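# Structural overview
These are the residues of each chain, in order.
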Amino acid sequence: QVHVVESGGGLVQPGGSLRLSCAASGIIFGTSAMGWYRQAPGNQREWVAAITSTGTTDYADSVSGRFTISRDNAKNTGYLQMNNLKPEDTAVYYCNTGDVTAVWTGTFSSWGQGTQVTVSS
């Protein structure tokens, strides 16, 4: 069974940066796609960014140009570098990994605990 652990969240001022990490197990990470998602209070979970096993990336319009998704297959770990953070980026951030369709649609039967990102002055 796939298991992911997100880390790296915290409180940051507007314009600041954070780097989230996603440690994956129970899957051949190197041949799997990976995605980041977020859920703000009162909202549904939304797709943020995704990366294929070969490094092709895609971003939600709201984060394009500010966030960068990457992966280190040797460490079974994915990352989300978040720059120029805005208050509207405040949310619990989740990652997940699997086939391309699942990652791009966010269709998973289980999720990790997520990591809280709060952007506030």
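Just so it is clear, the model here is predicted, and its values are computed rather than measured. (Residues numbered from 1 in each chain as written. Predicted model: local features only at pLDDT ≥ 70, side-chain atom pairs only at ≥ 80, totals over all residues. Heavy atoms only, no water.)

What follows deals with the pattern of salt bridges. Summed over all chains, the structure comprises three salt bridges. Salt-bridge contacts for Glu46 lead to Arg38; the nearest nitrogen and oxygen are separated by 2.6 Å. Here Glu46 falls in the partly exposed class, since its relative accessible area comes to 36%. For Arg38, a relative accessible area of 5% puts it in the buried group. Ionic pairing is found between Asp89 and Arg66, a salt bridge with its closest N-O pair at 2.7 Å. Taken together, the residues Asp89 in the loop between strand E8 (77-82) and strand E9 (91-98) and Arg66 in the loop between strand E6 (57-59) and strand E7 (67-72) connect sequence positions 23 residues apart. Across this residue pair, the class does not change: Asp89 and Arg66 are buried. Taken together, the salt bridges that share partners define one network made up of Arg38, Glu46, Arg66 and Asp89. (Salt bridge = Lys/Arg side-chain N within 4 Å of Asp/Glu carboxyl O. Buried < 20%, exposed > 50% of the residue type's maximum accessible area, 1.4 Å probe, protein only. Helix = DSSP H or I, 4+ residues; strand = E, 2+ residues; numbered from the N terminus.)

On inspection of all chains with the given rule, the structure shows one disulfide. Here Cys22 connects covalently by a disulfide to Cys95, the sulfurs 2.0 Å from one another. Note on the Cys22 and Cys95 pair: the S-S dihedral is about 75 degrees, so by sign convention the disulfide is right-handed. Linking Cys22 in strand E3 (residues 18-25) with Cys95 in strand E9, this pair joins segments that are 73 residues apart in sequence. A single burial state applies to Cys22 and to Cys95, both of which are buried. (Disulfide = S-S within 2.5 Å.)

This part covers unusual backbone geometry. A positive phi is found at Asn76, a non-glycine position, where the angle reads about 50 degrees. Checked against the element boundaries, Asn76 lands in the loop between E7 and E8. Its relative accessible area of 28% is what places Asn76 among the partly exposed residues. Positive phi, normally seen in glycine, also occurs at Asn84, with a value near 50 degrees. For Asn84, a relative accessible area of 42% gives the class partly exposed.

Both the distance between ring centres and the angle between the ring planes are used here to describe each pair of aromatic rings. Within this structure, the stated rule accounts for four aromatic pairs. Plain terms: the ring middles of Tyr37 and Trp111 are 5.0 Å apart, the flat faces sit at 90 degrees to each other, and that makes the pair edge-to-face. With Tyr37 in strand E4 (residues 33-39) and Trp111 in the loop between helix H1 (100-105) and strand E10 (115-119), the pair connects residues that are 74 residues apart, well separated along the chain. Judged by its relative accessible area of 2%, Tyr37 falls in the buried class. According to the relative accessible area criterion, Trp111 is partly exposed, its value standing at 23%. With a centroid separation of 5.4 Å and an interplanar angle of 85 degrees, the aromatic rings of Phe108 and Trp111 are classed as edge-to-face. (Phe/Tyr/Trp six-rings, centres within 6.5 Å; stacked < 30°, edge-to-face > 60°.)

Just geometry here; none of it tells us what the structure is for.
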